[in-house]
Amino acid sequence: MLSNAVVLAAVLCLVVLPPFAAGIRTGPGRITTNGRNEFSKLGPFMEAPEYRNGKECASSSSANRESFDPSLVHIAMTLDSEYLRGSLAAVHSVLRHASCPENVFFHFIAAEFDSASPRVLSQLVRSTFPSLSFKVYIFREDTVINLISTSIRQALENPLNYARNYLGDILDRSVDRVIYLDSDVIVVDDITKLWNTRLTGTRVIGAPEYCHANFTQYFTSNFWSDPALPGQISGRTPCYFNTGVMVMDMVRWREGNYREKLEKWMLLQKKKRIYDLGSLPPFLLVFGGNVEAIDHRWNQHGLGGDNLRGSCRSLHPGPVSLLHWSGKGKPWVRLDEKRSCPLDRLWEPYDLYNKHKIERAKDQSLLGFASLSELADDSSFL
C-alpha cells in the first residue's frame, strides 16, 4: 500500500508538471567531475571553442535571456543518445558562423526514457559548450506513442521525431518565435539571416518549398480515392517542404491549435493508412499551400540519401547556407565506417567527438571553415 507521502508526491507531479514536458534549466557554468563520470560512456566530446559577440551585437542580460530580449535567436532541437554527435556538431556550426553567438538560445527536447537521461545529456552539453545559453525539456513520450503508425523506416517511428508537433506546449510561453532544426544539419551562414524571415499574413511557419516535387506521392491511394479527404486541401496549391528546417510563429501556432490539427491526421492514419512516411505528411496536409517560402539555400536536404539505401548525393544547384543529411545515411556513421560520401567531409570540421579529429580540424580550420563559408555565396560550388 502506498504511503500518503508517495501519493502526495504523485499528485504534485501531475499538478505542477505540464503534460508534455518538464524543463531542466541550465545557465553558463561548468559541471563537477562526478557529472562527467555519468556521461563518459557517451563518448569523449571535446570542449568547443569559445565564440563571443562582436561590438556590433546588441547586449543581452542574463536575467532576461529567454523572454523579452529582442536580440535573442531561439533555436529548438531534439537531443538523444543516438543523434547526440550530430546535435553537438549542429550547435557548433551555428555558433561558429553566427554574427552574435552569445545571443543564440537553444531549446533542447530530450526523450523521457532515452538510454541517456535528459539530465546527463544536459550535463554533456554544458561540458562541451560551457557558455552556451540553453534549456533542456523532458518530452513525455506517452503523449504521442499511441498516435504513431509504422513507417517505411523504423527510425522514423521514434517518438522524438514528433516533438516538433508539441513545441507550442513544450516551450516556455515567453518564446513566441523559434527556428526548428533537425540534428543532422550544419549551418554555414549567419543564423540571424534565417531568424529574420518575415512570416507574412497569417502564415505560421516558413520553410524552403520544392514545388517541382510530386506532392501526390507522399500519400497512399487510400487518401486520394477517398471521396472527402482530398477536399481537405482543395483551394490550396500545396508544395513539398522538409520539416527539418522551419521558422515557426509560436503565438499563431498556439492560437490556431495546430497540435490538434496534426493529431487529427495522425488519428486518421491509425484507422486508414493514408501515408507511409513518419511525421512529415501531417505537416504537408495542415500547412501545404500556406508556407512562407524561404530560399532553398537554407535547406540543402537529402544528403543522407533515400530512406532505404542512404546512398551518396550531391548538392542542389545554387548557394548553400545549411546542409541537411536527411535520409538514412548520417555523416558521423559513414565517416566512422570508412565509407563516407564526398559531402560528409564538409560535416567533419564541426565534429566534437574525438580528440584527434578535433586537433586535425583545428589544424585545417583556415582551409576547412573558409571553404564552407564560401558556400554561402558561391552558386557555382557544384
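What counts and how
- Residues numbered from 1 in each chain as written.
- Predicted model: local features only at pLDDT ≥ 70, side-chain atom pairs only at ≥ 80, totals over all residues.
- Heavy atoms only, no water.
- Core = buried A, V, L, I, M, F, W, Y, C linked by side-chain atoms within 4.5 Å.
- Buried < 20%, exposed > 50% of the residue type's maximum accessible area, 1.4 Å probe, protein only.
- Helix = DSSP H or I, 4+ residues; strand = E, 2+ residues; numbered from the N terminus.
- Contact = heavy atoms within 4.5 Å.
- Axes fitted to C-alpha atoms, helices over the stretch in contact; angles between N-to-C directions.
- Parallel < 35°, antiparallel > 145°, perpendicular 65-115°, else oblique.
- Left-handed = near helix turned anticlockwise from the far one by under 90°.
- Nonpolar A, V, L, I, M, F, W, Y, C, P; charged D, E, K, R; others polar.
- Salt bridge = Lys/Arg side-chain N within 4 Å of Asp/Glu carboxyl O.
- Pairing = 2+ DSSP bridges.
- Right-handed = clockwise from strand over helix to strand, strands pointing away.
- Expected span 1.5 Å × (residues − 1).
- Polar contact = N/O pair within 3.5 Å; in protein donor to acceptor, adjacent residues only side chain to side chain.
- Phe/Tyr/Trp six-rings, centres within 6.5 Å; stacked < 30°, edge-to-face > 60°.
- Lys NZ or Arg CZ within 6 Å of the ring centre and 35° of its normal.

J.: I keep staring at the nonpolar core and nothing clicks. Help me out?
T.: Ile109, Leu167, Ile205, Phe241, Met248, Trp253 and Phe287 are the most contacted members of the largest nonpolar core, which has 48 residues in total. The element that contributes the greatest number of residues to this core is helix α10 (residues 280-287), accounting for 6 residues. Contact partners of Phe241, with chain neighbours within four places excluded, come to Ile205, Ala207, Pro208, Glu209, Met246, Leu280, Phe283, Leu284, Phe287, Gly288 and Val291. Core analysis: the second largest hydrophobic core is formed by 40 residues, Leu95, Val104, Ala116 and Val245 among them.

J.: Can you walk me through the packing of helix α9 (residues 258-271) against α10 in this structure?
T.: Any two packed helices are characterised by how steeply their axes cross, that is the angle between the axes, and by the distance between the axes. Viewed as axis vectors pointing N to C, α9 and α10 meet at an angle of 120°, and their least axial separation amounts to 9 Å. With respect to α10, the axis of α9 lies oblique. In terms of crossing hand, the pair formed by α9 and α10 is right-handed. Across from Tyr258, Lys261, Leu262, Trp265 and Met266 in α9, the residues of α10 making contact are Pro282, Phe283, Leu285, Val286 and Phe287. Each residue belonging to the contact of α9 with α10 can be placed in one class, and the counts come to 9 nonpolar, no polar and 1 charged.

J.: Would you mind showing me how to read the pattern of salt bridges here?
T.: Pairing between side chains of opposite charge can happen when their charged atoms approach one another. Within the structure shown, the criterion is met by 20 salt bridges. Arg164 is the partner of Asp182 in a salt bridge, and the nearest nitrogen-oxygen pair spans 3.7 Å. Separated by 18 residues along the polypeptide, Asp182 in the loop between β5 (177-181) and β6 (185-187) and Arg164 in the loop between β4 (133-139) and α5 (167-170) bring together distant segments of the chain. By relative accessible area, Arg164 is classed as buried at 5%. We note a salt bridge from Asp189 to Lys193, for which the minimum N-O separation is 3.0 Å. By sharing partners, the salt bridges in this structure join Asp169, Arg259, Glu260 and Glu263 into a single network.

J.: Looking at this model, I keep getting lost on the pairing of β4. Mind explaining?
T.: Looking along a regular strand, one sees side chains alternate from face to face of the sheet. Among the 7 residues of β4, 7 are classified as buried, and the element is accordingly described as predominantly covered. Neither face of β4 is left uncovered, since the one carrying Ser133, Lys135, Tyr137 and Phe139 and the one carrying Phe134, Val136 and Ile138 both have all their residues buried. Direction of pairing for strand β3 (residues 104-111) relative to β4: parallel, over a ladder of 7 bridges. Across the sheet, Phe106 pairs through a bridge with Phe134, a residue of β4. Note that the unit made of β3, helix α4 (residues 118-128) and β4 has a crossover that is right-handed.

J.: It is not clear to me how helix α3 (residues 84-97) should be interpreted in this structure. Could you clarify?
T.: Three- or four-residue spacings in an α-helix give side chains the same orientation, since the helix completes a turn every 3.6 residues. Taking 1.5 Å of rise per residue, 14 residues should cover 20 Å, and α3 covers 20 Å from first to last C-alpha, within 8% of that figure. By the criterion of burial, α3 is predominantly enclosed, with 13 of the 14 residues buried.

J.: Before we go on, may I ask you to explain the environment of Phe45 in this structure?
T.: Structurally, Phe45 is set in the loop between α2 (33-39) and β2 (73-79). Between the C-alpha atoms of Phe45 and Arg85, which are 40 residues apart in sequence, the distance is 8.6 Å. Each residue touching Phe45, except ones within four places of it in the same chain, is listed here: Leu84, Arg85, Leu88, Leu124, Thr128, Leu352 and Tyr353.

J.: Looking at this model, I keep getting lost on the side chain of Asn103. Mind explaining?
T.: Within the element layout of this structure, Asn103 appears in the loop between α3 and β3. You can call Asn103 buried: its relative accessible area is 3%. A distance of 3.1 Å separates a polar atom in the side chain of Asn103 from a polar atom in the side chain of Asn53.

J.: Help me understand unusual backbone geometry, please; the structure alone is not making it clear to me.
T.: Where the residue is not glycine, phi is negative for most of them; where a peptide bond is considered, it is trans in most cases. One non-glycine residue, Asn257, lies in the positive phi region at around 55°. Examined against the element boundaries, Asn257 turns out to sit in the loop between α8 (250-255) and α9. For Asn257, a relative accessible area of 41% translates into the label partly exposed. At Lys338, a position not held by glycine, the phi torsion is positive, near 60°. Structurally, the position occupied by Lys338 is in the loop between α11 (331-336) and α12 (344-347).

J.: Is there a simple way to think about α10 in this case?
T.: Counted residue by residue, α10 has 8 buried out of 8 residues, so it is predominantly covered. Within the span of α10, buried status applies to Leu280, Pro281, Pro282, Phe283, Leu284, Leu285, Val286 and Phe287. Positive phi shows up at Gly289, right after α10, with a value of about 90°.

J.: Which parts of the structure should I look at to understand the packing of aromatic side chains?
T.: For any pair of aromatic rings, the description consists of the separation of the ring centres together with the inter-plane angle of the planes. For the coordinates displayed, the defined rule picks out 18 aromatic pairs. Relative to Trp224, the ring of Phe219 has its centre 6.2 Å away and its plane inclined at 80°; by these criteria the two rings are edge-to-face. Centre to centre, the rings of Trp253 and Phe287 are 5.7 Å apart; their planes meet at 25°, and the pair counts as stacked. With a gap of 34 residues between them, Trp253 in helix α8 and Phe287 in helix α10 connect regions that are remote in the sequence. Accessibility expressed as a relative area gives 1% for Trp253, which makes it buried. Exposure remark for Phe287: the relative accessible area of 2% places this residue in the buried category. By the ring-pair criterion, three or more aromatic residues cluster together here, those being Phe215, Phe219, Phe223, Trp224 and Trp265. Across the ring face of Tyr258, the terminal group of Lys261 is positioned such that the distance to the ring centre comes to 4.3 Å.

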